[in-house]
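Close look at the chain arrangement
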Amino acid sequence: MRIWVNGELGGELATVPALDHGLTTGDGVFETIKIVNGQPFAVRRHLERLVRSATGLGLPAPDVARIESGIAEVTAADPGIAFGRLRITFTGGVSPLSSDRGTTGPTIVIATQAIEPPAPTSAIVTVPWTRNERSAVAGLKTTSYAENVRALAYAKERGGSEAIFANTVGALCEGTGSNIFCVYDGELVTPTLESGALAGVTRALVIEWFGATERDVPLEQLFEADEIFLTSTTRDVQGIHRVDDRELPAPGSITAQAAKIFADRSLEDLNP
């Protein structure tokens, strides 16, 4: 693991101040970028979303050139990662012990970590909590992740690798760190961003490269889908073989097609 903090490259013992607002209040945003054979994927799109999330939270716009330099440093320092994640965390910096922000400027952390490649298929679990599509942070990738931690633990206790949320009006929304796609009578459907779902980078690429209808559906229709798959930075396109107690064939034919096109196009362009 390599960790870059505000321009200084270190290892696992790299630190941030105890009064950093990202630690005390969750006042920060982040991006996770896939690493394949030492190379980060879709950096441009991830940095564009980092800027959107930061400014949407009221933080200053990140210095993209500085972050790109940090990405180059950490990947060069650990080139042997066959498959992994690179995380950029951008916080409000050292601040008072309250919701007020300080004046010292943001903290930037860039870290790499090797991980196991995802399984070809997985199981998901619906959770009894909702996404608030009208929240002040809806659609922003913030570090305020406690509800995701709780929901993912709930799903794993029930044999799933991901938890699925509805929103406050009962529409299918998203996972803790993934977007969801369903097939109905041959049509590939994914929830709209107005549902409260995050604008996933992999989600956008699947829509561009393969095609899908953005449409909101009731959560109950998740149990009527012919096929389901998740998309995320480290899952790519992952078929779902079980939703709660319902078994599905996975990967289905449309899922397999989407996965192949995504894999092929990703190899052609590391920064689409």
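Here, the structure is the one placed above.
These numbers were taken from a predicted model, which means no experiment stands behind them.

About the cut-offs
Residues numbered from 1 in each chain as written. Predicted model: local features only at pLDDT ≥ 70, side-chain atom pairs only at ≥ 80, totals over all residues. Heavy atoms only, no water. Helix = DSSP H or I, 4+ residues; strand = E, 2+ residues; numbered from the N terminus. Rg over C-alpha atoms; globule rule 2.2 N^0.38 Å. Buried < 20%, exposed > 50% of the residue type's maximum accessible area, 1.4 Å probe, protein only. Contact = heavy atoms within 4.5 Å. 1 Å grid on protein atoms, 1.4 Å probe; cavity = no way out; pocket = protein on both sides within 12 Å on 5 of 7 lines; lining within 4 Å. Points joined across faces, edges and corners; volume = space filled by probe spheres on them. Nonpolar A, V, L, I, M, F, W, Y, C, P; charged D, E, K, R; others polar.

For the chain, the helix and strand inventory stands at six helices and 15 strands. The C-alpha radius of gyration computed for the chain amounts to 19 Å, which stays within 12% of the reference 19 Å derived for 272 residues, consistent with globular compactness. Principal-axis analysis of the C-alpha atoms gives the chain an extent of 55 × 40 × 30 Å. Here the chain holds 272 residues, and 50% of them are scored as buried. A separation of at least 24 residues holds for 69% of the contacts in the chain among residues at least 6 apart in sequence.

This part takes up the layout of surface pockets. Counted as a void, the largest pocket has a volume near 1200 Å³. Taken together, 49 residues form the lining of the largest pocket, with K141, Y145, T176, G177 and S178 sitting closest to its centre. Looking at the lining of the largest pocket, the elements with two or more residues in it are β3 (28-36), β5 (83-91), β7 (121-131), α4 (146-157), β9 (172-175), α5 (201-209) and β13 (227-232). With six residues, the top contributor of residues to the lining of the largest pocket is α4. Residues of the lining of the largest pocket, tallied by class, amount to 14 nonpolar, 23 polar and twelve charged. Estimated volume of the second largest pocket: approximately 340 Å³. Of all the elements in the fold, those that place two or more residues in the lining of the second largest pocket are β1 (3-5), α1 (21-24), β5 and β6 (107-114). If you tally residues by element for the lining of the second largest pocket, the top one is β6, at five residues. Here the residues of the lining of the second largest pocket are counted per class, giving eight nonpolar, seven polar and three charged.

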